[in-house]
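So you can see what is in the structure, the chains are spelled out below.
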Amino acid sequence: GVIECGHFRFQCLGEVVMHLEISLGYHHRGIEALLKDGPHPRTLALMEATAGDTTIAHTWAYCTIAEVLSEQEPSPRGQLIRALALELERLANHTGDMGALAGDVGFLPTLSYCGRLRGDWLNMSAMICGSRFGRGLIVPGGVRYDLNHALVLALKERITLTAKDVRGAIKLMWDSPSVMARMTAIGSVPSETAVRLGLVGVAARASGLERDVRHSHPLHGLPLPPDLCTAPKGDVYSRARVRHEEIAASVAFCQRLLADFLDGEDGEEHGEIGPDALELMPGHIAVSLVEGWRGEICHVGVTDEHGRLAAYAVTDPSFHNWTGLAMALREQQISDFPLCNKS
């Protein structure tokens, strides 16, 4: 894996962490400033690279802004394909996280299996659009690639087989008492602390908060979202359990999308490509929310009197959750940092 650099300063008393200071931003690229006066030909590429593991969610958030400001409705089928791609992105990252959590306690079977299985989910995204991370799929107005009957059947089969393997790999971890001992009551963030910090996504739901944009602010034209998964204690085990349950919920949602909404015959006209040149309304503001795999993503776009982007702001869920990591480490052994960080 390739990660961005960060600076962690631990204030310790012996092996016990009293406080953790987190400094980030060393790889700041100035994407928001590059979006000004857009949309440009490079705008979509910038949005796809906003967070390398969250291509679909960030691109969808931007396209929602573009569609609102240009007064165009997204393709109904395009919305369904976007939803499928978003859940495949979630499945890949949750599966990878479960393996990483196992690796941080030295449990190699689940680490090894989930590393491979994460690749299987990514390859399904490549089956749809040619990119394992979903780049080039989502455009304003819809998607660039449709699903024919043969591809729907292939995805159904692969999702079923991969989900079965993921369940088996994670069960190895749940059935290991040593793993459970390392995860339980480690890195706890109580519900009241999660509320005060404004945690989102898995971190919030593992602390008992029912926060999921797919439920509170559902996107236009989508069926009922996946089940909301929560846990009460806010420790590493709870965050791992929420991920595991969300994997099952996303698998069921993907199968429902494929069976009930996307399984059409070859040759039917379902795809829709968004316009290359967008004409945005002048003097307007738009806000979009998408539930990425880490949590709530918020984009805000403001146009000037000429209909160009005067300002654009992106809030990734990590903006909210890094402080939660600092709180999770208080009164913990410093050796628990990798485990809390991954969770």
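Residue positions are counted from 1 within each chain, in the order its sequence is given. Reporting in this predicted model follows two pLDDT cut-offs: at least 70 for local features of residues, and 80 or more for side-chain atom pairs to be given and counted; totals over whole chains, interfaces and linings ignore these cut-offs and use all residues. Side-chain calculation: all heavy atoms of the structure are included, whereas hydrogens and water are not.

A.B. asks: What is the right way to read the pairing of strand β7 (residues 309–315) from this model?
C.D. replies: Looking along a regular strand, one sees the side chains alternate between the two faces of the sheet. Should DSSP find at least two bridges between two strands, the strands are taken to pair. A run of H or I in DSSP becomes a helix once it reaches four residues, and a run of E becomes a strand once it reaches two; helices and strands are each numbered from the N terminus. The pairing of strand β6 (residues 296–303) with β7 spans 6 bridges and is classified as antiparallel. The residue of β7 that forms the bridge with Gly301 is Tyr312. In this structure, the hairpin formed by β6 and β7 is closed by a connection of 5 residues, where Gly307 is found at a positive phi of approximately 80°.

A.B. asks: Explain the sheet that holds β7 here, please?
C.D. replies: Sheets are built from strands paired through backbone hydrogen bonds, the pairs being either parallel or antiparallel. If you walk across this open sheet you meet the 3 strands as β5-β6-β7, and the pairing is antiparallel. In the strand order of this sheet, the two ends are held by β5 (285–291) and β7, each with one partner. For this sheet, the mean angle separating the axes of adjacent strands, direction not counted, is 10°. Judged from the 7 bridges that link them, β5 and β6 form a sheet pairing that is antiparallel. Note on β6: the bridge partner recorded for Val287 is Val300. Helix axes are fitted to C-alpha atoms over the stretch in contact, other axes to C-alpha atoms as well, and angles between N-to-C directions run from 0 to 180 degrees.

A.B. asks: Where do I start with the side chain of Thr50 in this structure?
C.D. replies: As for its position among the elements, Thr50 is in the loop between α2 (43–48) and α3 (55–69). Note on exposure labels: buried denotes an accessible area under 20% of the residue type's maximum, exposed denotes more than 50%, and partly exposed covers the range between, all computed with a 1.4 Å probe on protein chains only. The exposure class assigned to Thr50 is buried, which follows from its relative accessible area of 18%. When sequence neighbours within four positions are dropped, the list of residues in contact with Thr50 reads Arg29, Ile31, His58 and Val314. Residues are treated as being in contact if the distance between any of their heavy atoms lies within 4.5 Å.

A.B. asks: How should I be thinking about unusual backbone geometry in this particular structure?
C.D. replies: What is expected of a backbone is that most residues other than glycine have negative phi and most peptide bonds are trans. Of note, the amide linkage connecting Gly38 to Pro39 takes the cis form, showing an omega dihedral of 5°. A positive phi is found at Asp37, a non-glycine position, where the angle reads about 70°. Looking at the secondary structure, you find Asp37 in the loop between α1 (31–34) and α2. One non-glycine residue, Glu331, lies in positive phi territory at about 65°. Examined against the element boundaries, Glu331 turns out to sit in the loop between α12 (318–328) and α13 (337–342). Taking the relative accessible area as the measure of exposure, Glu331 reaches 55% and is therefore exposed.

A.B. asks: Can you help me understand the packing of helix α6 (residues 149–174) against helix α11 (residues 236–262) in this one?
C.D. replies: Packed helices, taken two at a time, are described by their axes: the angle between them and the distance between them. Viewed as axis vectors pointing N to C, α6 and α11 meet at an angle of 165°, and their least axial separation amounts to 10 Å. Our classification of the angle between α6 and α11 gives roughly antiparallel. For the element pair α6 and α11, the recorded crossing hand is left-handed. Contact residues: Val152, Leu155, Lys156, Ile159, Thr160, Ala163, Val166, Ile170 and Trp174 in α6; Tyr237, Ala240, Arg241, His244, Ile247, Val251, Cys254, Gln255, Leu258, Ala259 and Leu262 in α11. The classification used treats Ala, Val, Leu, Ile, Met, Phe, Trp, Tyr, Cys and Pro as nonpolar, Asp, Glu, Lys and Arg as charged, and all other residues, Gly among them, as polar. In terms of residue class, the contact of α6 with α11 is built from 15 nonpolar, 3 polar and 2 charged. Between 65 and 115 degrees an angle is taken as roughly perpendicular, under 35 as roughly parallel, over 145 as roughly antiparallel, and anywhere else as oblique. Put simply, a crossing is left-handed when the front helix is turned counterclockwise from the back one by less than a right angle, and right-handed when it is turned clockwise.

A.B. asks: Looking at this structure, how should I read the pattern of salt bridges?
C.D. replies: Pairs can form between side chains of opposite charge whenever their charged atoms are close. The rule for a salt bridge is simple: a side-chain nitrogen of Lys or Arg has to be within 4 Å of a carboxyl oxygen of Asp or Glu. Following the criterion strictly, the structure yields 18 salt bridges and no others. When the shortest N-O distance is used, the salt bridge between Asp146 and Arg77 registers 2.8 Å. On the criterion of sequence distance, the pair formed by Asp146 in the loop between β4 (142–143) and α6 and Arg77 in helix α4 (residues 76–104) is long-range, its members being 69 residues apart. By relative accessible area, Arg77 is classed as buried at 9%. Within the structure, one salt-bridge network assembled from shared partners comprises Glu87, Arg90, Arg205, Asp212, Arg214, Glu246 and Glu291.

A.B. asks: Hey, could you run me through the confidence of the model for the protein chain in this one?
C.D. replies: Close inspection of predicted coordinates is inappropriate for parts of the model with low pLDDT. pLDDT expresses, on a scale from 0 to 100, how confident the predictor is about each individual residue. Per-residue pLDDT for the protein chain averages 93, and the proportion of residues at 70 or more is 95%. Of all the helices and strands in the protein chain, β4 carries the lowest mean pLDDT, 92, while β6 carries the highest, 98. Under a pLDDT of 50 for its full length, residues 266–275 has, in the predicted model, 24 contacts with residues more than four places off or in other chains.

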